[in-house]
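The chain contents come next:
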Amino acid sequence: MTPLAGARPVHPTWPSVASTPQRALVVGVVGGRGGAGASTLAAAVARHLARRTATALVDLDRASAGIDVLLGLEAADGVRWPDLADARGEVSGADVLALLPRWGACAVLSADRARPGAPEPAVVADVLHALTAEAGALVLDLDRAAVVAGESLVGACDAVLVVTPPDLRTVAGVLAMRPHLGPPVVPTWLLVRGPAPGGLGAAELSAAVDLPVLMSLPADRGLVPALERGGVPDAGRTARYAARVVAALHRTLT
């Protein structure tokens, strides 16, 4: 069993960029359903964390065309998951971080749209274990199907955030993942995002899936146009939401 295979709760000290942490804070983000905006929020949270400590955003969505596309980094130099196919055993986290493309201060380990396919689980475990020893924070963009199948790395996370539009499709999607979320597996919170077209409130959603709400996030109407113009914006509502999420996690985990 790899050292990353089990949950290891920590009390993060939020190290500075210049400090060397004992182990990275690992935050998983997953959508309650398709189109929830989990990848966008994972990216915004990672960028905010990168202001405080060395941070890597890690794409674990097996069906992804690459989170680098979402960030406008698809043409940027640097390694992607297919380039790390032989990274097994004793992997240098410093070397991996140095080779990754950068989105501002945040390192990004992405899938590759030109070379689709999921990396081997042993490679993922060894690479992420190496990164936890080198970085201050990792944000994992988790794969919903893998969570449902019990094949994801939620157990390696210190916290999991489930991005949940308040609708019945989301309730069904979260319930499918629910056996692998929440205590005793991993501390898990809902981020209720956007309006409730059918009137389903955050409290009702929380009760239906038996998971607590970390916070509710109003819709960001400027987000979709910004994404079409070239990536997750570094200002505006979504950036402010990410700052609030990080602050709430800090209060909750310490």
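Just so we're clear, the structure is a prediction, and the values are computed from it rather than from any experiment.

Caption draft 1: Structural detail: the sheet that holds strand β2 (residues 55-59). Reading across the sheet, the 8 strands line up as β3-β4-β2-β5-β1-β6-β7-β8 and stay open at both edges, with mixed pairing between neighbours. Where the open sheet ends on each side, the last strands, each with one partner, are β3 (102-103) and β8 (213-217). Strand direction decides the pairing type here: strand β1 (residues 25-31) and strand β6 (residues 159-164), joined by 5 bridges, are parallel. Following the sheet pairing, Gly 28 is matched in β6 by Val 160. Where helix α4 (residues 121-132) meets the sheet, it contacts β1, β2, β4 (106-109) and β5 (137-141), and its direction lies at approximately 150° from that of β5. This element, helix α7 (residues 202-209), spans β6, β7 (188-193) and β8 of the sheet and lies at about 145° to β7.

Caption draft 2: Representation of the packing of helix α6 (residues 168-177) against α7 in the model. With their axes 9 Å apart at the nearest point, α6 and α7 run at an angle of 30° to one another. Judged by the sense of rotation from one axis to the other, the crossing of α6 with α7 is right-handed. Where α6 abuts α7, its residues Val 171, Val 174 and Leu 175 lie against Leu 205, Ala 208 and Val 209. Here the residues of the contact of α6 with α7 are counted per class, giving 6 nonpolar, no polar and no charged.

Caption draft 3: Molecular detail of the nonpolar core. Counting residues in each nonpolar core, the largest one holds 41 residues, and the members touching the most others are Trp 81, Val 127, Leu 140 and Val 160. The biggest single contributor to this core is α4, with 6 residues. Filtering out sequence-adjacent residues up to four positions away, Val 127 remains in contact with Trp 81, Leu 84, Ala 87, Val 96 and Leu 109. The next biggest cluster of nonpolar side chains, apart from the first, holds 38 residues, and it includes Ala 46, Val 139, Met 215 and Leu 253.

Caption draft 4: Fine view of the pairing of β7. Of all the 6 residues making up β7, 6 are buried; the element is thus mostly covered by neighbouring parts of the structure. Side chains of β7 alternate between two faces, with Thr 188, Leu 190 and Val 192 and Trp 189, Leu 191 and Arg 193 buried alike. Where the polypeptide runs from β6 across α6 and back to β7, its parallel neighbour, the crossover connection is right-handed. Pairing of β7 with β8 involves 4 bridges; the strand directions are parallel. Considered in β8, the bridge of Val 192 is made with Ser 216. Between the parallel elements β7 and β8, the chain passes through α7 in a crossover that is right-handed.

Caption draft 5: Layout of the confidence of the model for the chain. Taken over all residues, the pLDDT of the chain has a mean of 86, while the share at 70 or more is 86%. For the stretch residues 1-21, pLDDT sits under 50, and the model shows 48 contacts to residues farther than four places along the chain or on other chains.

Caption draft 6: Main features of the pattern of salt bridges. Taken as a whole and judged by the stated rule, the model has 8 salt bridges. Note that Asp 143 is salt-bridged to Arg 62, the shortest N-O span being 3.4 Å. Separated by 81 residues along the polypeptide, Asp 143 in the loop between β5 and α5 (144-148) and Arg 62 in the loop between β2 and α2 (67-71) bring together distant segments of the chain. Arg 62 gets classed as partly exposed once you look at its relative accessible area, which sits at 40%. With its nearest N and O atoms 3.6 Å apart, the salt bridge here joins Asp 210 to Arg 178. Taken as a pair, Asp 210 in the loop between α7 and β8 and Arg 178 in the loop between α6 and β7 lie far apart in primary sequence, 32 residues in all. Here Arg 178 falls in the buried class, since its relative accessible area comes to 17%.

What counts as what
- Residues numbered from 1 in each chain as written.
- Predicted model: local features only at pLDDT ≥ 70, side-chain atom pairs only at ≥ 80, totals over all residues.
- Heavy atoms only, no water.
- Pairing = 2+ DSSP bridges.
- Helix = DSSP H or I, 4+ residues; strand = E, 2+ residues; numbered from the N terminus.
- Contact = heavy atoms within 4.5 Å.
- Axes fitted to C-alpha atoms, helices over the stretch in contact; angles between N-to-C directions.
- Left-handed = near helix turned anticlockwise from the far one by under 90°.
- Nonpolar A, V, L, I, M, F, W, Y, C, P; charged D, E, K, R; others polar.
- Core = buried A, V, L, I, M, F, W, Y, C linked by side-chain atoms within 4.5 Å.
- Buried < 20%, exposed > 50% of the residue type's maximum accessible area, 1.4 Å probe, protein only.
- Right-handed = clockwise from strand over helix to strand, strands pointing away.
- pLDDT = per-residue confidence, 0-100.
- Salt bridge = Lys/Arg side-chain N within 4 Å of Asp/Glu carboxyl O.

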